[in-house]
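A look at the structure
So the chains spell out like this:
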Amino acid sequence: MIELLAPAGNLERLKFAFIYGADAVYIGGYEYSLRANAINFSKDELKEAVNFAHNLDKKVYVTVNIVFHNNDLTNLKQYLEELASIHVDAVIVSDIAVIEIVKENNIPLEIHISTQASTLNYQAALFYKNLGAKRIVLAREASKEDIKIIKEKTNLDLECFIQGAMCTSFSGKCVLSNVVTNRDSNRGGCAQICRWVFNINNEDKVFSMTPKDLNMAIYLKDMIDIGVNSFKVEGRMRSIYYIATVIHEYHSLFSKIKSNTLKESDILYSNDIINRCANRESIPQFFAKLPTDKEQYYLGREEISNQDFLGLVLENKDGLLLIEQRNYFKKGDIVEFFGPNMETFEYKIEEIYDEFMQIIEVARHPQMRVYLKCNQAITKNAIMRLKVFDKRNYL
Amino acid sequence: MLKKMKNNYLVLVTNKTIIKKLSKEKNITLLFPVADFTVGFDNSFFINEIKEENAYIYVNRLLDNHGIEKFIEMIKLLPPNIKGIVFDDIGVLQTLKEIPNNLTKILYLSHFNCNYLSINTYLDYIDSVVISTDITDDELKTILKKANKPLVVYTFGYIPIMYSRRQLLTNYNNHFKKEVPLISNLVNDLKQEFKIVENPYGTVIYPAKPFNGLKYRNYENVLYYLINTLFLSDDEIIKIINSKSNLLDEYPYEYLSLKESIIRIKEREK
């Protein structure tokens, strides 16, 4: 089994994740989830998410992964029973209290151990297996050798991160946010103090501990070979554009691995697409070696927001595309379309029509609807972006 | 000569002079950070260096597979003077379940164990748990009241607030061609100060002031009051252990014990 697992901070993002190729998504409810400041899902939305996924024969995992304080336990049993009643496919947990409640009350929920538990060795994995866990989300610090041995000795489902932001700390082992801002990092309030800069010993150079983002594209095949089951993308706070782009690229890479057609040029191209979309550099971290200063940011890091996401295809009626504008574009721009079940292709904007089919020169306003003419196969929910990278240059 | 107290202190020691001063005291159990199995200390001990009777060992590294194999080797050869272990990694718990031993087993799952249910669940497997320092005084009281066994309360000392597998100081030195020591001081834009300590297994950050939970010494259902002596002078350690008062004038930092942390940003706005 190879599962591409996407984040989703709300229902719209969940749908885009599935449409763009995710096999499963992980989401949080209003309570007990480590992204407390994401939009998250109401109970009705959780139900709708599960129904949407199951109709596509896909899965939804719900994060219940805060570190619980006494008062947080009050409605936990009821919440878990509700998740079971709507048939979520698993809950992702880090606190043993959740497992205890599930077991004691025979709540029919599959348990996945969160990366917050920082599992790095097979004995820890066996402890959780004995408690009934079906899957471990390994610590991001796990090396290739660690993953291989844990798989061999436990035969548990293993889930590993392949893309996205990294904590500097072992997940769950940092309360910098609590100390500096009183925001509880282990209950979803992390203020990301590890991304601040510090003075060290009155030195002239500032101290930074910010890691670059994780990117495992070059190691996907190795990960499959050593038994990783689920390949996880970080980013429940991320936009539909990010989710669609990243899931689209990884889905493409996995398809090429399955068909044994993956080339280095595919990886290089995907990485450029992903890094530009994320506005950050992303590279492997702990898989092959201990990260050095090359895997961190120091001063000089540039994070310039781009406006590449130009529009969303709402419908394609016989070659007339209805586009919802997301960023400024104009006649003459070279763009490209990518989307589910279609080849990415370049397109020069020759004419733009407004909603009354009057020709306009520029699409200026976010959410404005315009028409473009195009005879290529473009599906609803395809995305129009600025063309920055040309795949032919990677061959 | 230390005055005898009714309290049972578990004292995490990092220097040899204080060991001599404390080892004869009846109400004190010494806890030794073990070399190659700990992070965040200026000094640690190999097992054969620990000669004191009734000694406990401290293992706070998160262990990879190689580390857990080394731990299994070590635990099979522990000398009889080692009576207890305090540990963070759940793999250690699993190992101690599998390998016969008479150790007092105490789980210190740093920043976890903030509620009584989790703690009671772990108590099915071990002897005691170090309660998290990330909770309020009221939460602590409730936990102690509802715990099925006596617990360990972090009573005084610098609290590790970030543990990274990365060698953050070495990386800094390599990047800027510097030579800052592997125990250094950080200051952020808010002028908050921290201590940072690196060894080959990772980097740990502490606030620059010790947590003072001496008020907990009167609480019941406590197996040990944990004192972490890291960065403290011998005189300070002796004074803290002997003090009848809570020394809040000298050590005012009570961390989250007086105010609950914020979960969502909007809660701050209320």
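Residues numbered from 1 in each chain as written. Chains lettered and ligands numbered in written order. Predicted model: local features only at pLDDT ≥ 70, side-chain atom pairs only at ≥ 80, totals over all residues.

Residues and elements named next belong to chain A. A large share of strand 3 (residues 59-64) lies buried, amounting to six of its six residues. On strand 3, burial covers both faces: Lys59, Tyr61 and Thr63 on one face and Val60, Val62 and Val64 on the other are all buried. In this sheet, strand 3 lies alongside strand 2 (residues 24-28) in parallel orientation, the contact comprising five bridges. Paired with Val25 across the bridge in strand 3 is Val60. Both strand 3 and strand 4 (residues 90-93) contribute to a ladder of four bridges, which runs parallel. Paired with Tyr61 across the bridge in strand 4 is Ala90. Handedness of the crossover is the feature at issue here: the chain leaves strand 3, passes through helix 3 (residues 76-85), returns alongside strand 4, and the resulting connection is right-handed. (Buried ≥ 20, exposed ≤ 12 C-beta atoms within 10 Å, placed from the backbone. Helix = DSSP H or I, 4+ residues; strand = E, 2+ residues; numbered from the N terminus. Pairing = 2+ DSSP bridges. Right-handed = clockwise from strand over helix to strand, strands pointing away.)

The next point concerns the domain arrangement of chain A. All names here are of chain A. Taken domain by domain, chain A comprises domain 1 (3-295) and domain 2 (309-394). Between the C-alpha centres of domain 1 and domain 2 the distance comes to 32 Å. Broken down by element, the residue count for the side of domain 1 that touches domain 2 peaks at six residues, all from helix 10 (residues 264-278). When grouped by side-chain class, the residues that make up the side of domain 1 that touches domain 2 number eight nonpolar, three polar and two charged. (Domains from an automatic or database assignment. Nonpolar A, V, L, I, M, F, W, Y, C, P; charged D, E, K, R; others polar.)

On to the confidence of the model for chain B. Residue and element names in this part refer to chain B. Considering every residue of chain B, the mean pLDDT works out to 93; 94% of them sit at 70 or more. When the criterion is pLDDT under 50, residues 1-5 qualifies, and its contacts beyond four places in sequence or with other chains add up to eight contacts. Among the scores for the predicted complex, ipTM is 0.94 and pTM is 0.95. (pLDDT = per-residue confidence, 0-100. Contact = placed C-beta atoms within 7 Å.)

Below, the discussion takes up the nonpolar core. Core analysis: the biggest nonpolar cluster contains 211 residues, and A:Ala17, A:Val25, A:Val91, A:Ile247 and B:Val152 have the highest contact counts within it. Looking at which element gives the most residues to this core, the answer is helix 9 (residues 240-258) of chain A, with nine residues. Setting aside its immediate chain neighbours within four residues, B:Val152 contacts B:Leu10, B:Ile106, B:Ser128, B:Val129, B:Val130, B:Ile131, B:Leu223, B:Tyr224 and B:Leu226. (Core = buried A, V, L, I, M, F, W, Y, C linked by C-beta atoms within 7 Å.)

Right, let's get into the packing of helix 9 of chain A against helix 10 of chain A. Residues and elements named next belong to chain A. Viewed as axis vectors pointing N to C, helix 9 and helix 10 meet at an angle of 170°, and their least axial separation amounts to 9 Å. When the interaxial angle is binned, helix 9 and helix 10 end up roughly antiparallel. Between helix 9, through Tyr241, Tyr242, Thr245, Val246, Glu249, Ser252, Leu253 and Lys256, and helix 10, the contact on the second element is made entirely by Asp266, Ile267, Ser270, Ile273, Ile274, Cys277 and Ala278. A class-by-class count of the residues in the contact of helix 9 with helix 10 yields nine nonpolar, three polar and three charged. (Axes fitted to C-alpha atoms, helices over the stretch in contact; angles between N-to-C directions. Parallel < 35°, antiparallel > 145°, perpendicular 65-115°, else oblique.)

Another aspect to go through is the pairing of strand 22 (residues 383-386) of chain A. As judged from the three bridges shared by strand 13 (residues 309-317) of chain A and strand 22 of chain A, these two strands associate in the antiparallel manner. Directly across from A:Phe309, in strand 22 of chain A, lies its bridge partner A:Arg385.

Quick look at the sheet that holds strand 5 (residues 104-107) of chain B now. Strands sit in the order 6-5-4-3-2-1-13-7-12 (chain B) across an open sheet of nine strands; the sheet is mixed. For this open sheet the edge positions go to strand 6 (128-129) and strand 12 (211-212) of chain B, each flanked by a neighbour on one side alone.

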